[in-house]
Amino acid sequence: MGRKVTLATCSLNQWALDFDGNLERILKSIEIAKAHGAKYRLGPELEICGYGCADHFYESDTLLHSFQVLRKLLESPVTQDIICDVGMPIMHHNVRYNCRVLFLNRKILLIRPKMLMANYGVYREMRWFSPWKQSRQVEEYFLPQMIQEVTGQDTVPFGDCVLSTKDTCIGTEMCAELWNTNSPHIQMGLDGVEIFTNSSASNHELRKADQRVNLVKSATIKSGGIYLYANLKGCDGDRVYYDGCAMLAINGDIVARGAQFSLHDVEVISATLDLEDVRSYRGEICQPNMVPQRNNNNECKLQENLLTYSIFTLLFSQKNHIQGYKEIEPKPCHRVKVDFSLSSGDDIYLPTHQPITWHFHSPEEEISLGPACWLWDYLRRSGQAGFLVPLSGGVDSSSTACIVHSMCVLLCQAVEDGNSQVLEDVRRVVAEDSYRPQNPRELCGRILTTCYMASENSSEDTCSRAKGLANQIGSTHMNINIDMAVKGILGIFSVVTGRWPQFRVNGGSHRENLALQNVQARVRMVLAYLFAQLGLWSRGKPGGLLVLGSANVDESLTGYFTKYDCSSADINPIGGISKTDLKSFLLYCVEQFQLTALRGILSAPPTAELEPLTDGRVSQTDEADMGLTYSELSVIGRLRKISKCGPFSMFGKLIHMWKDALSPAEVAQKVKHFFRMYSMNRHKMTTVTPSYHAESYSPDDNRFDLRPFLYNSRWAWQFRCIDNQLPLLRVPLLVAAAGGTSWQGGVKDAPPKAEPLNAGSGQLERTKCPP
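Model, not experiment: these values are computed from the prediction.

1. Some words on unusual backbone geometry
Logical step 1: If you check the backbone angles, Asp81 has positive phi at about 65 degrees while not being a glycine.
Logical step 2: If you trace the backbone, Asp81 turns up in the loop between α2 (60-75) and β3 (83-92).
Logical step 3: A residue is classified by how much of its surface remains accessible, and Asp81, at 49% relative accessible area, is partly exposed.
Logical step 4: For Arg136, which is not glycine, the phi torsion reads 60 degrees and is therefore positive.
Logical step 5: Its place among the elements puts Arg136 in the loop between β5 (107-113) and β6 (138-142).
Logical step 6: Arg136 sits in the buried class, given a relative accessible area of 14%.

2. What to know about the pairing of strand β13 (residues 247-250)
Logical step 1: Of the two faces of β13, the one lined by Met247 and Ala249 and the one lined by Leu248 and Ile250 are each fully buried.
Logical step 2: Examined bridge by bridge, β13 and strand β14 (residues 253-257) share four bridges and lie antiparallel to one another. By the bridge assignment, Ala249 is partnered in β14 with Ile254.

3. With respect to the pattern of salt bridges
Logical step 1: Scanning the model with the defined rule gives 36 salt bridges in all.
Logical step 2: With its nearest N and O atoms 2.9 Å apart, the salt bridge here joins Arg112 to Glu177. You can see Arg112 sitting in strand β5 and its partner Glu177 sitting in helix α4 (residues 176-179), a full 65 residues away along the chain. Note on accessibility: Arg112 and Glu177 belong to one class, buried.
Logical step 3: In this structure, Arg640 engages Asp705 in a salt bridge whose closest nitrogen and oxygen atoms are separated by 3.0 Å. Note that Arg640 is positioned in helix α20 (residues 630-641) and Asp705 in the loop between α22 (664-681) and α23 (716-725), a separation of 65 residues in sequence.

4. With respect to the packing of helix α9 (residues 363-382) against helix α11 (residues 420-430)
Logical step 1: Where α9 contacts α11, the two axes come as close as 10 Å, and the packing angle between them is 60 degrees. Relative to α11, α9 is oriented oblique. You can see that α9 and α11 cross each other, and the crossing is left-handed. Within the contact between the two elements, α9 uses Trp376, Leu379 and Arg380 and α11 uses Gln421, Val422, Asp425, Val426, Arg428 and Val429.
Logical step 2: A breakdown of the residues in the contact of α9 with α11 according to their chemical character gives five nonpolar, one polar and three charged.

5. Examining helix α12 (residues 440-447)
Logical step 1: For α12, the complete set of buried residues consists of Glu442, Leu443, Cys444, Gly445 and Ile447.
Logical step 2: In this fold, the buried residues of α12 make contact with β19 (387-390), α10 (395-416), α11, β20 (448-454), α13 (460-473) and β21 (476-481).
Logical step 3: Where α12 starts, the residue carrying a side-chain oxygen 3.1 Å from the main-chain nitrogen of Arg441 turns out to be Asn439.

6. Quick look at the confidence of the model for the chain
Logical step 1: Mean pLDDT over the chain works out to 88, with 87% of the residues at or above the 70 mark.
Logical step 2: For residues 293-327, every residue scores under 50 in pLDDT, and the model assigns this stretch 42 contacts once sequence neighbours within four places are set aside.
Logical step 3: Segment residues 734-771: pLDDT under 50, and 75 contacts once partners within four positions in sequence are set aside and those in other chains are kept.

7. So, the nonpolar core
Logical step 1: Counting 62 residues, the largest nonpolar core has Leu375, Phe387, Met407 and Leu598 as the members making the most contacts within it.
Logical step 2: Per-element accounting of this core gives the leading share, eleven residues, to α10.
Logical step 3: Beyond its immediate chain neighbours, meaning those up to four positions away, Phe387 contacts Leu375, Leu379, Val404, Met407, Ile447, Leu448, Thr449, Leu545, Leu546 and Leu548.

8. Details of the sheet that holds strand β22 (residues 546-547)
Logical step 1: If you walk across this open sheet you meet the four strands as β21-β20-β19-β22, and the pairing is parallel. In this open sheet, the two strands that pair with only one neighbour each are β21 and β22.
Logical step 2: Along the sheet, α10 contacts β19 and β20; its crossing angle with β19, the most-contacted strand, is approximately 155 degrees.
Logical step 3: Lying over the sheet, α13 contacts β20 and β21, oriented at roughly 170 degrees with respect to β20.

9. Regarding the packing of aromatic side chains
Logical step 1: Enumeration over the complete set of coordinates arrives at 22 aromatic pairs.
Logical step 2: Ring plane angle 70 degrees and centroid distance 5.7 Å describe the contact between Tyr97 and Trp132, whose orientation is recorded as edge-to-face. Here Trp132 lies in the loop between β5 and β6 and Tyr97 lies in strand β4 (residues 95-104), a separation of 35 residues in the sequence.
Logical step 3: Take Tyr97: its relative accessible area is 8%, and that puts it in the buried class.
Logical step 4: The class of Trp132 is buried, set by a relative accessible area of 2%.
Logical step 5: On the numbers, 6.4 Å between centres and 80 degrees between planes, the contact of Tyr588 with Phe593 is edge-to-face. This pair shows no difference in class: Tyr588 is buried, exactly as Phe593 is.
Logical step 6: One aromatic cluster is present, formed by Tyr241, Phe261, Trp374, Tyr378 and Tyr692 through successive ring pairs.
Logical step 7: Over the face of the ring belonging to Trp358 we find Arg257, whose NZ or CZ atom lies 4.0 Å from the ring centre.

10. Examining the environment of Gly559
Logical step 1: Mapped onto the secondary structure, Gly559 falls in the loop between α16 (553-558) and α17 (579-592).
Logical step 2: Among the residues examined, Gly559 registers a relative accessible area of 0% and is labelled buried.
Logical step 3: Each C-alpha atom, one on Gly559 and one on Lys684, is 6.6 Å from the other, the two residues being 125 residues apart in sequence.

11. Focus: the layout of surface pockets
Logical step 1: Of the volumes computed, that of the largest pocket is approximately 540 Å³.
Logical step 2: Lining the largest pocket we find 23 residues, and of these Tyr120, Gly121, Glu205, Lys208 and Phe704 sit closest to its centre.
Logical step 3: A breakdown of the residues in the lining of the largest pocket according to their chemical character gives eleven nonpolar, six polar and six charged.

12. Examining the state of the cysteines
Logical step 1: In total, this model carries zero disulfides according to the counting rule given.
Logical step 2: Here Cys412 stays free of any disulfide, with the sulfur of Cys408 as its closest cysteine sulfur at 6.6 Å.
Logical step 3: Exposure remark for Cys412: the relative accessible area of 11% places this residue in the buried category.

About the criteria used
- Residues numbered from 1 in each chain as written.
- Predicted model: local features only at pLDDT ≥ 70, side-chain atom pairs only at ≥ 80, totals over all residues.
- Heavy atoms only, no water.
- Helix = DSSP H or I, 4+ residues; strand = E, 2+ residues; numbered from the N terminus.
- Buried < 20%, exposed > 50% of the residue type's maximum accessible area, 1.4 Å probe, protein only.
- Pairing = 2+ DSSP bridges.
- Salt bridge = Lys/Arg side-chain N within 4 Å of Asp/Glu carboxyl O.
- Axes fitted to C-alpha atoms, helices over the stretch in contact; angles between N-to-C directions.
- Parallel < 35°, antiparallel > 145°, perpendicular 65-115°, else oblique.
- Left-handed = near helix turned anticlockwise from the far one by under 90°.
- Contact = heavy atoms within 4.5 Å.
- Nonpolar A, V, L, I, M, F, W, Y, C, P; charged D, E, K, R; others polar.
- Polar contact = N/O pair within 3.5 Å; in protein donor to acceptor, adjacent residues only side chain to side chain.
- pLDDT = per-residue confidence, 0-100.
- Core = buried A, V, L, I, M, F, W, Y, C linked by side-chain atoms within 4.5 Å.
- Phe/Tyr/Trp six-rings, centres within 6.5 Å; stacked < 30°, edge-to-face > 60°.
- Lys NZ or Arg CZ within 6 Å of the ring centre and 35° of its normal.
- 1 Å grid on protein atoms, 1.4 Å probe; cavity = no way out; pocket = protein on both sides within 12 Å on 5 of 7 lines; lining within 4 Å.
- Points joined across faces, edges and corners; volume = space filled by probe spheres on them.
- Disulfide = S-S within 2.5 Å.

As structure tokens, this is what we get:
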């Protein structure tokens, strides 16, 4: 019997309910794995039907078609002589489970249901699936007739079990189980399982990749073992982007890894590893804590004395308070035996993979790559011919345009590297069968249209900045004047009412000022969709364009946009990214893509340009309108979502974080101001454009941030609690002697000075659309 095993894991760009495409990609990954010499192939979570089926999981069709795909896999000659581990939904005893199905040579070996569900953040698995709660228990699952006809089996093991080959033992984890404090690999490792697998549907968030890698490494660094991690990649029909990062680890070291961002629909990672390295590692590191014991059936099992001692010491100290206390020993894993070896007898000369160093992308690189890959998936699968971006000459719309340009860079590189699927998709998008992109700028001119929508309130500076960037990225650019449309709408209003509204600087009221700003913004949305639908037609080309939005996460949080303005689009690649990160991203683009026009955009103050100019210059700025800086909003956003702070708790943290810049009274004013803005404008999140999920404090109302959209915006009780504390805080704040503040670096992000807020600012109220 040999000692070296070749194992394969993969990242697949699956698509919800695309059973044909999903089957094709699964078979291709198995074929590649076999070509690498692998005897075991692991795939991502729910790869047969796609992870993002959502309420389609309720439909019996989804279960039926998943079994039809499984039958195709069982029958395929590609799947012979390799253990295949695939994911699909299965109903057992009328309960729906998220399962792994392991099969070999037309025989199903076992079905392992997910035990610990992901039911937080963007995940809602408990809505569609139940967790398998019977630890170490296995039942018989009666196979559908269509599967029985292929396998010749009536029933197969279903439950918490592991697979014993002739040379090793393999245990399964699924996605969130790795992140849990009681991960299954812990007890499996103590019971002699040597190879752990994890099938995931883990989405991208900025600065998250290192957490995932560290979890995989830590799973085997304590008690040894081999760990395989598979993940989805791409956009499978929702707001999230699954970012690959398939990897293999042994004894705490990563030995093989896949790309985090890639345009390859199928990426297979394999490694040859020595089982004796696991056994030697455990023999030295874990021997004192792993002692074989005999149960009543004289079966050998392993138990970690140190862990048991700690648990029972705790229980013993409290057992007088625990009803029915008794000692509980871990149960042994249920082993399903298979007459198959992952190794061969002549592997002495087979080299093994050595540890590698994982180099993580910077946040700026992540913004450049993640949303770009997500946009490409959306574009090619939507059947549209490109994108339209209303380009204002500001940071946000420029970021959106630069992400499209980055997408074109990735596409050209993929074509140059021989990716035939990308070339085929590009040709279909541009509607030319023989087309081959020359360079990113040329490709950008074919699939990106930008337009500057000027009004009498627009400045020459923003117009020239937009034109300069469009010229450098190569987009097809238009200058459109919206004054005629705005005056036409106001003319209709005037005919009906006999009144003509005026801006505040011209003597108009606060309400008139708001309405005149909003009508400009909404006209731009209407024109954007008109040119998206007919722009290519006017140039004699087929197809339509997807309108891209450009509202960042901080503006969504405060509602600093007009409802149904240019923030209303088909999709938004920056809706989950903060203004601070977007500025850093544009600086990265200046160096990476030589887009020097961005320097002028970065140096200009952010402005909506919806009020009249003063001596030809912009007098309106975003931060003045909001009464908060973007840096402050990033801190507040994280406190609200990540730290779960209401107004009072937020005030209690910020008086310490911002103590060098603001007095407690000023902090109280900012907190109140934010929550007033947030609650008045929360209704906008019910209609906000679907955005790329990139930030952990996103206010996305769809699934991630579930809140009311009708608030009592006075927050009377909460604000009164803050006011009651202010007299007590007139003495200098004391710094906590131990531990310091709860948020290191918060003061650094605060502005050096802050002007008192005017709670009645008309500029702020522009963001609240009138009824």
